[in-house]
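Secondary and tertiary structure notes
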Amino acid sequence: MSHKLVGFADSQTSSYIQNQLQSIADDISGLQTELANEGDSRLQRYCKKPNRMPCLMVFKNDVYLKHVHAKFNAVEALAWVRGAIG
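Anyway, here's the lowdown on the structure attached to this text.

**Digging into the sheet that holds strand β1 (residues 3-9)**
Reading across the sheet, the four strands line up as β2-β1-β3-β4 and stay open at both edges, with mixed pairing between neighbours. Single-partner strands in this sheet number two, and they are β2 (32-37) and β4 (63-69). Each adjacent strand pair in this sheet contributes to an overall mean axis angle of 20°, direction not counted. Those strands touched by helix α1 (residues 14-27) are β1, β2 and β3 (55-60), and its axis lies near 165° from that of β1. Helix-sheet contacts for helix α3 (residues 74-85) involve β1, β3 and β4, and the interaxial angle to β4 is about 155°.

Encoded structure:
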């Protein structure tokens, strides 16, 4: 089973999301990560408020599992992702 974490960002939150994705990928072996922008169609498809940034979204075998719109510190972000992937 393959999990993917997608971080959605606008120009103001891009570096924050890149850092979060790298930090989480360093701690969770085998987790794929992707940086996406605010125009990505997955935001429209899965979020009630797709214009809220930043957003973290988890997929399992390319199937949507869960998302959150929030700024976390590194520990909180890691805990949220671990909870989302089970």
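**Focus: the pairing of β4**
Judged from the six bridges that link them, β3 and β4 form a sheet pairing that is antiparallel. Pairing of Leu56 across the sheet is with Val68, part of β4. In sequence, β3 turns back onto β4 through a hairpin of two residues, with Asn61 there showing a positive phi of about 50°.

**Brief notes about α1**
For α1, built from 14 residues, the straight-helix expectation of 20 Å at 1.5 Å per residue is met to within 8% by its first-to-last C-alpha distance of 20 Å. Summarising the contacts, the buried residues of α1 are in contact with β1, β2, β3 and α3.

**Points about the nonpolar core**
Ranked by internal contacts, the top residues of the largest apolar core, which has 17 residues, are Leu5, Ile24, Leu56, Phe72, Trp80 and Val81. Secondary structure elements with two or more residues in this core: β1, α1, β3 and α3. The dominant element in this core, judged by the number of residues it contributes, is α3, at five residues. Apart from the residues lying within four places of it in its own chain, the contact partners of Val81 are Leu5, Ile24, Ile28 and Leu31. Counting nine residues, the second-largest nonpolar core is a separate cluster that includes Val6, Leu43, Cys47 and Met57.

Cut-off values and rules
- Residues numbered from 1 in each chain as written.
- Predicted model: local features only at pLDDT ≥ 70, side-chain atom pairs only at ≥ 80, totals over all residues.
- Heavy atoms only, no water.
- Pairing = 2+ DSSP bridges.
- Helix = DSSP H or I, 4+ residues; strand = E, 2+ residues; numbered from the N terminus.
- Axes fitted to C-alpha atoms, helices over the stretch in contact; angles between N-to-C directions.
- Contact = heavy atoms within 4.5 Å.
- Expected span 1.5 Å × (residues − 1).
- Core = buried A, V, L, I, M, F, W, Y, C linked by side-chain atoms within 4.5 Å.
- Buried < 20%, exposed > 50% of the residue type's maximum accessible area, 1.4 Å probe, protein only.

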